[in-house]
Structures are given as structure tokens and as C-alpha cells.
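Working through the structure, step by step
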Amino acid sequence: MRQLTAVDTRNGALPPIEVEFPDIECWQAGNSGIPYVWTFAADRPGPHVTIQALTHGNEVCGAISNDWFLREGFRPTRGTLTLTFANVSAYRTFSAADPFTSRCVDEDFNRLWTADVLGGPRQSADLARARELRPVYDATDYLLDLHSMTDPCVPLALAGQQQKGLELAFAIGVPEHVIIDAGHKAGRRLRDYGAFDDPEDPRNALLVECGQHWERSAPDVARQASLRFLRHFGMADSAFLDAHLDSRPLPKQRAIEITHVVTIASDTFRFAQPVEGLEVIAKADTLLARDGDAEVRTPYDNSVLVMPTRRPKKGETAVRIGRYVN
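Residues numbered from 1 in each chain as written. Predicted model: local features only at pLDDT ≥ 70, side-chain atom pairs only at ≥ 80, totals over all residues. Heavy atoms only, no water.

Here's the deal with helix H5 (residues 163–172)
Burial in H5 covers these residues: Lys 164, Gly 165, Leu 166, Leu 168, Ala 169 and Ile 172. Those residues of H5 that are buried are in contact with strand E7 (156–158), strand E8 (177–180), strand E9 (204–212), helix H6 (218–232) and strand E10 (254–263). Looking one or two places after H5, you find Gly 173, whose phi comes out positive at around 95°. (Buried < 20%, exposed > 50% of the residue type's maximum accessible area, 1.4 Å probe, protein only. Helix = DSSP H or I, 4+ residues; strand = E, 2+ residues; numbered from the N terminus. Contact = heavy atoms within 4.5 Å.)

Rendered as C-alpha cells:
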């Protein structure tokens, strides 16, 4: 386990690193023919569930959770469970001196999930790993993709744009806030890949943002989401759940429908005021940011800001804007 302290030499203080980074090299061999992929099949038939960690290399909470399941020797009571550590090459590059650069190696692993990109001529380390893992996702009925966020924010469930995704998020019961959105202009997310985003296909995916990347509570959010995911599909032994599932009452979930995704168009994008995740801007037409010569303003009263970036980059998402819906 690596205990680290983050020091951002360019932008001042960073959120503290409150978690230890697991040594996952012991899981390199896998048991499925693909490095860092572990698959366990029960005798009883059931769905194929995949729980993914390290879609981004600096988002360690899922790796801590999957490492825990493997060390506990967890086995599904029915169906098939796959535990993956995805972008391990990015994870290996983590440095507390610049902790955000290990998100990926060459390009964002979570913007590659179309047939044109996966089957096209482009080459990168992240795309090579995506192609290697593609058969895992093609064989998956239900995917839980564990992520975390750059800035402190309460956990979020990203349900995609289909009704089935929203229904799955509410069936799992955590986190409290569920985001209905279509993703990013920069590329398709894994949770929206293929059958997962097809309204006529029962296969489904849920992305859970477990909190800030390195906050102490994020690994437990990942583990509790995983336990509830497995419980929902009837794949976890009741004694195991009794021993490890948090029994405290859950808050009622709330859905936020994203209506606007602000994509950065210039190298001079700046927010006009400090912003936080899930901040509600009371008035429509409030100046939110400047992007070159263009102004970004809130589209309606009570606009909810979802995952505003702290590291603006041309072509990437600056912030999603939405509203609470029934």
C-alpha cells in the first residue's frame, strides 16, 4: 500500500490524499486470459455482472474496493462476476507531485466507446487496453463502473439517457443524487457503450462517482455500491451482506436531468465565480463563465451545476447544467 501526500507545484494546495493506494500487481495474471481481469462463475445460472475499477488511473476508490473483494475471496451465489482493473498503465504512473496526469496515458479511456474508434486505425496505450477489454464488456449483462471526482462533491450516480439506466440507479438505491445525461462531446463513455445505451436491450450500466478522488470515504462508497449492485442481482450470500452492507436508512434519491453540457471552445475558459458540484444558481441568465469572447450563462432559474472542472482544457466538458426532476 502506498501512502501519499499530494503537492500541486503549479496550482497550490490540492485535496489531501487520505487513502492508501493498493499494490494490485498480485492481480496481474487474472484468470480469464486478460491481465487484471478476474471472472468467477457460480453453479447456478444468472446474469454476468462486471464491476470495473480504474477506468481512470488516478481514481483509486474502485481499485481499493475490487482489491477488497478479491482478498475476501468473494464468489457469486449465481451467475458470473467479473472484477476488472482497467487502465493499470495509467495507475502505475501516479505521482503525488502531479496527481491528475495519471488519469490516462495518451487519451481518456472513457471517451473511446464507439465501434468506429475501437475498430479504427488510431493507436494509443489507452485505446489498446480498451480493445483488449472490449470482449469483457461485450459479455457483460450489467456493468458497475466505479469512478471518483476531481473536487469534493457528494457521490453521484450517472444513469445515462435511457429509462432503464434511471430504473437501475433507483433499484440500487445509492448514491442519493442520480444524473440523467448523454455524456460528452469529446467521446462516448463506457457506460454508454453498445447495448448499455440501447433502450430495446436489457443489458445495462451504471457509473458511480464515489466522491473526491482521494477522500477517506470514497472507497467505502465504492464498496457499498458494489454490495448493493450484487444484492440487486441476487449474487451475494446473505451472511456476507449482513457482515458488510451498511444497514443505515438511505436518503430518498433525487434525479437531476442534464439539459446543457458546456464544452470548452478556447484556451482561455474561466469560471466567472468559484463553483461547486451540485451548486444551485438561483437566477436564469447569471454569468457562469467566459470562454474566449463568449459568455456562458445559466439557462433557467435554479440551474444545478454538475461536476465543474478545475482543470479547463479545450474540447473537454467544463460543466453540466441540469435541474431536479420527478
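Let's talk about the sheet that holds strand E14 (residues 294–297)
Spatially, 3 strands are ordered E11-E13-E14 in an open sheet, and the strand pairing comes out antiparallel. In the strand order of this sheet, the two ends are held by strand E11 (270–271) and E14, each with one partner. (Pairing = 2+ DSSP bridges.)

Considering the nonpolar core
With 57 residues, the main nonpolar core has Phe 85, Leu 206 and Leu 230 as its most contacted residues. When neighbours within four sequence positions are excluded, Leu 230 is seen to be in contact with Val 49, Ile 51, Phe 69, Phe 74, Leu 81, Met 235 and Ala 236. Ranked by size, the runner-up nonpolar core spans 18 residues in total, among them Leu 112, Val 117, Tyr 137 and Ala 205. (Core = buried A, V, L, I, M, F, W, Y, C linked by side-chain atoms within 4.5 Å.)

Concerning the pairing of strand E4 (residues 48–53)
E4 sits mainly inside the fold: 6 of its 6 residues count as buried. Residues His 48, Thr 50 and Gln 52 line one face of E4 and the alternating positions Val 49, Ile 51 and Ala 53 line the opposite face, and both faces are buried. When E4 meets strand E5 (residues 80–85), the two strands line up parallel, connected through 6 bridges. Counterpart to Ile 51 in the pairing with E5 is Leu 83. A crossover links E4 with its parallel partner E5, the connecting element being helix H1 (residues 61–71), and its sense is right-handed. Pairing of E4 with strand E6 (residues 142–149) involves 4 bridges; the strand directions are parallel. What sits directly across from Val 49, in E6, is Tyr 142. (Right-handed = clockwise from strand over helix to strand, strands pointing away.)

Some remarks on the environment of Ala 289
On the secondary structure map, Ala 289 appears in strand E13 (residues 287–291). Residue class for Ala 289 comes out buried when judged on its relative accessible area of 1%. For the pair formed by Ala 289 and Pro 274, sequence separation is 15 residues and the distance between their alpha carbons is 9.9 Å.

Remarks on the packing of H1 against H6
The geometry of H1 relative to H6 is characterised by a closest axis approach of 8 Å and an angle of 55° between their N-to-C directions. One element, H1, and the other, H6, form an angle in the oblique class. Crossing hand, H1 versus H6: right-handed. Between H1 and H6, the contacting residues are Cys 61, Gly 62, Ile 64, Ser 65, Trp 68 and Phe 69 on the first element and Ala 218, Pro 219, Ala 222, Arg 223, Ser 226, Leu 227 and Leu 230 on the second. When its residues are assigned to classes, the contact of H1 with H6 shows 9 nonpolar, 3 polar and 1 charged. (Axes fitted to C-alpha atoms, helices over the stretch in contact; angles between N-to-C directions. Parallel < 35°, antiparallel > 145°, perpendicular 65-115°, else oblique. Left-handed = near helix turned anticlockwise from the far one by under 90°. Nonpolar A, V, L, I, M, F, W, Y, C, P; charged D, E, K, R; others polar.)

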